[in-house]
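Fold and geometry: a report
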Amino acid sequence: MTKTQDLKEAFFDLYGTDARVFRAPGRVNLIGEHTDYNDGFVMPAAIDLYASVAMAVRKDRRLRIHSENLSETCEFDLDETSPRPRGHWSDYARGVAIALEQAGCRLRGADLLLRSEVPVGAGLSSSAAIEVAIALALLDGANLKIDGVKLARLCQQAENEFVGARVGIMDQFVACNGRVGYGLLLDCRTLDHRLIPLPSSARLVILNTMVKHELASSEYNTRRAECEAGVQYLVKFLPHIRALRDVTLDELERFGQGMPELIYKRCRHVTSENARVIKAADALEGGDLLSLGQLMRASHASLRDDYEVSCRELDIAVELASATEGVYGARMTGGGFGGCAISIVEANCVEAFKLRVASRYEQATGLRPEIYT
C-alpha cells in the first residue's frame, strides 16, 4: 500500500468519506543562511520528506482539521469575524485560510487529515510544508488555482501576520517551486529564481542533531533587529540601500568600522554569505564540487563565529562530517541552535559516511542522530 492510499484509508476511517491527497516537501538549504530576511540570496533544495493533507469538501463553511502526528482535532468557521491566533499548531492552517480569503479566494468548508514526515524543530521547514499542503487542498476544494510564486507569498503572509513568526520567503517558495534533482537559486527580493542541477555523482546527506535549543525563536528575531540596526547605520553613508543585500563586503569594510562590533559581525556574515551563494551556484553549474565544499565550510564558520547561531552539537556534526572520506563540504543548515547539518557526499561513500558519523556523533554527544539521504 502506498503512503497516499494509507492516508486515504485513515481519512475514511476518521470521517467516513473518500478524500483527495495533497502534499508539499520540506527543504534543506544548501547555502545562504539568514540572508532571506535581508532581501538576499539563498539556494535551498526540496527534500523527499513531505507534509500530506487528505481533504474532502463540506457543505458548510467550517474547516475541521485532525493532526495525525499530534492526535488533535481543531475546528473553525471561515466566516468568523476577527479570528485571533491561539499559539497552537492550528494557527498555521487558520492563517493560510485567512490569507487565501484576503487574496480573493472564496473557500469552501472541508474536512482535513494532516500527516507530516518532516521532523519538527530540525530546521527542515515542517511549518512551510504544512502551510503549502493545506493551501493546495483548500484551493482544490474551491476549484481554484494559484501560481507557485503567489502561493508562496500567501503562505509566508500567513506565518508572518497570523502565526507571528517573521520568516523570510525561502521555505514556502521552495515548497511550492522545488523540483526533483535540482537546487533553487532564489533572489529573495525580486523572487527571480532558477533551477540548478544537482550532480548525479553526489548526494545531499542531512544529519539531525536531535537538539533544538530554546534560544532559537528569540534569537532569530534578535538577529533580524541587529541586521536592521546595521542598515540604519550604513544608510548614512550609502543612502541607496534598503537592506544588507545592497551592501558589498568592500563597502562594509569601508563604512562599517564605526558601528558596534557585534552589529558589524552580523552584517559581515550576511554580506559574505550572499557572495558565497552566487559563487556556489556557479560552482554547481560547473560541476565543481570541491569549490562548493570550500564555500560550505566558510559558510559554517561565518554562522558560528560572526552570526553566532551554531551550537556545540552542530559544530561536532560538521567537524565529523568534514573529516570523513567522500565529503566535499558540510555546514549547519536552518536557523541554528540545533537542527541539522548538511553534507555533500560522493554517492558511493554515503553508507560508510552514515555509519561512521552517526557512531562518532553519538560517542561525542550521547545523542543518536537521524540521518536522511
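The secondary structure content of the protein amounts to eleven helices and eleven strands. Here the C-alpha atoms of the protein give a radius of gyration of 21 Å, agreeing with the 21 Å that 2.2 N^0.38 yields for 373 residues. Dimensions of the protein, computed from C-alpha atoms along their principal axes, come out at roughly 60 × 55 × 40 Å. Among the 373 residues that make up the protein, the fraction classed as buried is 56%.

Right, let's talk about the packing of helix α8 (residues 261-285) against helix α9 (residues 289-305) for a bit. Contact geometry for α8 and α9: axes closest at 9 Å, N-to-C directions at 165°. Classed by the angle they form, the pair α8 and α9 counts as roughly antiparallel. The handedness of the crossing between α8 and α9 comes out as left-handed. Contact residues: Lys265, His269, Ser272, Glu273, Arg276, Lys279, Ala280, Ala283 and Leu284 in α8; Leu289, Ser291, Leu292, Leu295, Ala298, Ser299, Ser302, Leu303 and Asp305 in α9. Classifying every residue of the contact of α8 with α9 gives eight nonpolar, five polar and five charged.

We now examine the pairing of strand β10 (residues 338-346). Burial analysis of β10 places eight of its nine residues in the buried class, which makes it a mostly covered element. Where strand β8 (residues 202-212) meets β10, eight bridges bridge the pair, whose relative direction is antiparallel. Bridge assignment links Lys212 to a residue of β10, and that residue is Gly338. With six bridges connecting them, strand β9 (residues 327-333) and β10 associate as antiparallel partners. Bridged to Thr333 within β10 is Cys340. Count of turn residues in the β9/β10 antiparallel hairpin: four residues, of which Gly334 carries a positive phi of about 95°.

Moving on: the pattern of salt bridges. Summed over all chains, the structure comprises 29 salt bridges. Residues Asp79 and Arg61 are paired through a salt bridge, measuring 2.7 Å at the closest nitrogen-oxygen approach. In this pair, Asp79 is assigned in the loop between β4 (72-77) and α2 (90-102) and Arg61 in the loop between β2 (41-57) and β3 (62-67), connecting sequence segments 18 residues apart. Close ionic contact of Glu308 with Lys265 constitutes a salt bridge, the shortest N to O distance being 3.9 Å. Pair noted here: Glu308 is in the loop between α9 and α10 (312-322) and Lys265 is in helix α8, with a separation of 43 residues, a long-range link. Because the salt bridges share partners, they merge into one network encompassing Glu219, Arg223, Glu226, Lys265, Arg266 and Glu308.

This part covers the pairing of β2. The buried count for β2 comes to 14 of 17 residues, which makes it a mostly enclosed element. The sheet contact formed by strand β1 (residues 20-31) and β2 spans ten bridges and is antiparallel. Along β2, the bridge assignment pairs Pro25 with Tyr50. Pairing of β2 with strand β6 (residues 182-187), which is carried by two bridges, proceeds in the antiparallel orientation.

What follows covers the packing of aromatic side chains. All chains considered together, the criterion is met by four aromatic pairs. Between Phe11 and Tyr15, the ring centres sit 4.6 Å apart and the planes meet at 50°, which makes this aromatic pair tilted. Placement of both Phe11 and Tyr15 in helix α1 (residues 3-15) is noted, with a separation of four residues, approximately one turn of the helix. For the pair Tyr37 and Tyr220, a centre-to-centre distance of 5.2 Å together with 70° between the ring planes defines the contact as edge-to-face. Taken together, the residues span a long stretch of sequence, with Tyr37 in the loop between β1 and β2 and Tyr220 in helix α6 (residues 215-234) at a distance of 183 residues. Owing to a relative accessible area of 10%, Tyr37 belongs among the buried residues under this scheme. By way of ring pairs, the aromatic residues Tyr233, Phe237 and Phe255 are connected into one cluster. Directly above the aromatic system of Tyr307 lies the positively charged group of Arg223, at a separation of 5.9 Å from the ring centroid.

It is worth spelling out helix α4 (residues 148-163) at this point. Under the 1.5 Å per step criterion, the end-to-end length of α4 is 21 Å for 16 residues, consistent within 8% with the ideal 22 Å. Looking only at α4, the buried set comprises Leu151, Ala152, Leu154, Cys155, Gln156, Ala158, Glu159 and Phe162. Packing partners of the buried residues in α4 comprise α2, α3 (126-141) and α5 (170-177). For α4, the N-terminal cap is Asp147; the gap from its side-chain oxygen to the backbone nitrogen of Val149 is 2.9 Å. One or two residues past the end of α4 sits Gly164, with phi positive at roughly 95°.

On to the environment of Lys8, then. As for its position among the elements, Lys8 is in helix α1. A relative accessible area of 37% places Lys8 in the partly exposed class. Between the alpha carbons of Lys8 and Leu113 there is a distance of 9.0 Å; along the sequence they are 105 residues apart. The residues touching Lys8, leaving out its near neighbours within four places in the chain, are Ala19 and Val21.

Analysis parameters
- Residues numbered from 1 in each chain as written.
- Predicted model: local features only at pLDDT ≥ 70, side-chain atom pairs only at ≥ 80, totals over all residues.
- Heavy atoms only, no water.
- Helix = DSSP H or I, 4+ residues; strand = E, 2+ residues; numbered from the N terminus.
- Rg over C-alpha atoms; globule rule 2.2 N^0.38 Å.
- Buried < 20%, exposed > 50% of the residue type's maximum accessible area, 1.4 Å probe, protein only.
- Axes fitted to C-alpha atoms, helices over the stretch in contact; angles between N-to-C directions.
- Parallel < 35°, antiparallel > 145°, perpendicular 65-115°, else oblique.
- Left-handed = near helix turned anticlockwise from the far one by under 90°.
- Contact = heavy atoms within 4.5 Å.
- Nonpolar A, V, L, I, M, F, W, Y, C, P; charged D, E, K, R; others polar.
- Pairing = 2+ DSSP bridges.
- Salt bridge = Lys/Arg side-chain N within 4 Å of Asp/Glu carboxyl O.
- Phe/Tyr/Trp six-rings, centres within 6.5 Å; stacked < 30°, edge-to-face > 60°.
- Lys NZ or Arg CZ within 6 Å of the ring centre and 35° of its normal.
- Expected span 1.5 Å × (residues − 1).
- Polar contact = N/O pair within 3.5 Å; in protein donor to acceptor, adjacent residues only side chain to side chain.

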